[in-house]
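Here's the letter readout for the chains.
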Amino acid sequence: MTQIPVFDATSPSDLNRALAEIEKALDNASPVLDEPVETEPSTSDTLDVETPPDFNIPAFSQLIGIRTEVYDQIRNALKSGKRHLMFYGPPGTGKTSLAELVAGHLYNSHRMVTGSSDWSSQDIIGGYQPAGDGSIRFSKGILLEHFDKPLIIDELNRCDIDRVLGPLFTVLSGQPTTLPYLRNPADENSERFVILPAAKANAKQHEFAPTQNWRLLATLNSIDKASLYQMSYALTRRFAWILVDAPEDLNQFVRDFGALKGYWSEEPPESAKSPIADIWSIVNDIRPMGAAPFIDVMAYCKAAAPDFNFFVGAEGESKSIYLSAFQVSILPMLDGVAHEQANRIAVNISNVLGLTTDSKEAKELTRKLLSLAL
Ligand SMILES: Nc1ncnc2c1ncn2[C@@H]1O[C@H](COP(=O)(O)OP(=O)(O)OP(=O)(O)O)[C@@H](O)[C@H]1O
Ligand SMILES: [Mg+2]
């Protein structure tokens, strides 16, 4: 028969004995009190010893003109122990492609999500969701859901960075953080979910932790300068910042990319210059841009005239093809340039294409550029 313990609450030793008994009773009762929720524990009972990834990231052949310092910085940052990488730079420089290739080189699988302005903490970390039977339960958000592989957050600048990464801040800085969600929302005494900074053996059901394979690779379009400054210094420090700029030698890019795509049967002469590189350079002086829109220009020219030659000066029909390609792929990206800049671009491009200032085409080009200018 179980004896009912009697305590004298006025005696300190009895009081301590009572507290110890209550604690023991609660310990025994907790498995019964906690209805298991349908969230998987984040770690296994025994920690897997994962083989360390190969940090010797190669120069990826499908990306042309990525500066060698970019690869050096990625390799050295990873080797020095930086876990998280931020790829930033002008639009279309290959940031997303590079993040995916790096993640693919490091691990067998990764996940990519694209930032959105309406992301909330619920989307990122998680929150209560109706369970279907009238009750509610905690449901993991994107980050907790992918704590076992690298997560690429593409276009981080599209969301409120602090709101998105803020809840992870303590984890990024090596501290555990307790979430305001109960394992069993119907029972105020059940444990709150906790995010641990690293996996541990025998993690409990309410403890989430990133595995060794977890790291963040984010991309940020630096044309949106304000978003660069949106991050607190403390958060900034958790990332290695890799600037992915436009290729250094634009003419060489056109040459290498055209060769890769099989755009010509005969190699252009060594000294040949492409008007595309000149136009790109004019644009870059005002608003730096990566390869992507100029890849589109090349594809446009090729579609308009299958034997289009990128390495001769613009003449005849090719002038109007270049102008159309510019209008389709580059013009929209110049939205909001200053009046004086729009005029400068128009004059310089007219020069490259051999258009006289009073020609119909040059006037049209100026008019279209000015219509986007502020
Ligand atoms: N340096 C490059 N060499 C070859 N292809 C490239 C290069 N840069 C971009 N591309 C191609 O252009 C397209 C867009 O590239 P990607 O999305 O990776 O650029 P991004 O920098 O992420 O652009 P955004 O700033 O718009 O997010 C892809 O198809 C990619 O393969
Ligand atoms: Mg991108």
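Residues numbered from 1 in each chain as written. Chains lettered and ligands numbered in written order. Predicted model: local features only at pLDDT ≥ 70, side-chain atom pairs only at ≥ 80, totals over all residues. Heavy atoms only, no water.

### A closer look at the sheet that holds strand S7 (residues 192–195)
- Read from one edge to the other, the open sheet built from 3 strands follows the order S6-S7-S8, with strand pairing classed as mixed. Edge strands, defined here as strands with exactly one partner in the open sheet, are strand S6 (177–182) and strand S8 (207–208). (Pairing = 2+ DSSP bridges. Helix = DSSP H or I, 4+ residues; strand = E, 2+ residues; numbered from the N terminus.)

### A closer look at the environment of Arg 137
- Mapped onto the secondary structure, Arg 137 falls in strand S4 (residues 136–140).
- C-alpha separation for the pair Arg 137 and Arg 183, spaced 46 residues apart in sequence, amounts to 7.6 Å.

### Points about the site of ligand 1
- In the vicinity of ligand 1, 16 residues are found, and the nearest of them are Ile 64, Gly 94, Lys 95, Thr 96 and Ser 97.
- With respect to ligand 1, the backbone of Gly 94 contributes an N or O atom lying 2.9 Å from an oxygen atom.
- With respect to ligand 1, the side chain of Asn 221 contributes an N or O atom lying 3.0 Å from an oxygen atom.
- Protein chains bury 72% of the 620 Å² of accessible surface belonging to ligand 1 in isolation.
- Most atoms of ligand 1, that is more than half of them, are within 2 Å of grid points of the second largest pocket.
- Secondary structure elements with two or more residues in the shell around ligand 1: helix H3 (95–106) and helix H12 (292–304).
- Considering each element in turn, the shell around ligand 1 owes the most residues, 3 residues, to H3.
- Residue classes in the shell around ligand 1 are distributed as 7 nonpolar, 7 polar and 2 charged.
- Built from parts of two domains, the shell around ligand 1 gets at least three residues from each of domain 2 (68–243) and domain 3 (250–372). (Near = heavy atom within 4 Å. Polar contact = N/O pair within 3.5 Å; in protein donor to acceptor, adjacent residues only side chain to side chain. Areas by Shrake-Rupley, 256 points an atom, 1.4 Å probe, with all protein chains shown as cover. 1 Å grid on protein atoms, 1.4 Å probe; cavity = no way out; pocket = protein on both sides within 12 Å on 5 of 7 lines; lining within 4 Å. Sits in = over half its atoms within 2 Å of the grid points. Nonpolar A, V, L, I, M, F, W, Y, C, P; charged D, E, K, R; others polar. Domains from an automatic or database assignment.)

### What to know about the confidence of the model for the chain
- The share of residues in the chain with pLDDT of 70 or more is 84%, and the mean pLDDT across the chain is 86.
- Per-element confidence in the chain is highest for helix H11 (residues 275–286), whose mean pLDDT is 98, and lowest for helix H1 (residues 12–33), whose mean pLDDT is 50.
- This model gives residues 25–47 a pLDDT under 50, and the stretch forms 35 contacts once residues within four places in sequence are excluded. (pLDDT = per-residue confidence, 0-100. Contact = heavy atoms within 4.5 Å.)

### Here we look at the pattern of salt bridges
- Counting across every chain of the model gives 10 salt bridges.
- Salt-bridge contacts for Arg 183 lead to Glu 191; the nearest nitrogen and oxygen are separated by 3.7 Å.
- The buried category is assigned to Arg 183, whose relative accessible area is 8%.
- With relative accessibility at 28%, the residue Glu 191 sits in the partly exposed group.
- With a shortest N-O distance of 2.9 Å, Arg 344 and Glu 340 are connected by a salt bridge. Here Glu 340 and Arg 344 lie together in helix H14 (residues 339–353), a separation of 4 residues that amounts to about one turn. (Salt bridge = Lys/Arg side-chain N within 4 Å of Asp/Glu carboxyl O. Buried < 20%, exposed > 50% of the residue type's maximum accessible area, 1.4 Å probe, protein only.)

### Description of empty space enclosed by the protein
- Taken as a whole and assessed by the stated rule, the structure comprises 1 cavity of 30 Å³ or more.
- Counting only elements with at least two residues in the lining of the largest cavity, the list comes to H11, H12 and helix H13 (317–329).
- Classifying every residue of the lining of the largest cavity gives 6 nonpolar, no polar and no charged. (Points joined across faces, edges and corners; volume = space filled by probe spheres on them.)

### Here's the deal with H12
- The terminal C-alpha atoms of H12 lie 19 Å apart, and with 13 residues this matches the ideal 18 Å at 1.5 Å per residue to within 8%.
- Every buried residue of H12 is listed here: Pro 293, Phe 294, Val 297, Met 298, Cys 301 and Lys 302. (Expected span 1.5 Å × (residues − 1).)

### Considerations on the nonpolar core
- Membership of the largest hydrophobic core comes to 45 residues, with the highest contact counts inside it found for Phe 294, Phe 310, Phe 326, Leu 334 and Leu 369.
- Breaking this core down by element, the ones donating at least two residues are helix H10 (250–261), H11, H12, H13, H14 and helix H15 (360–372).
- The element that contributes the greatest number of residues to this core is H11, accounting for 7 residues.
- Residue contacts for Phe 310: discarding those within four places in its chain leaves Val 254, Tyr 263, Trp 264, Lys 273, Ser 274, Pro 275, Ile 276, Met 298, Cys 301, Lys 302 and Tyr 322.
- With 33 residues, the next largest nonpolar core counts Ile 125, Leu 168, Phe 193 and Met 231 among its residues. (Core = buried A, V, L, I, M, F, W, Y, C linked by side-chain atoms within 4.5 Å.)

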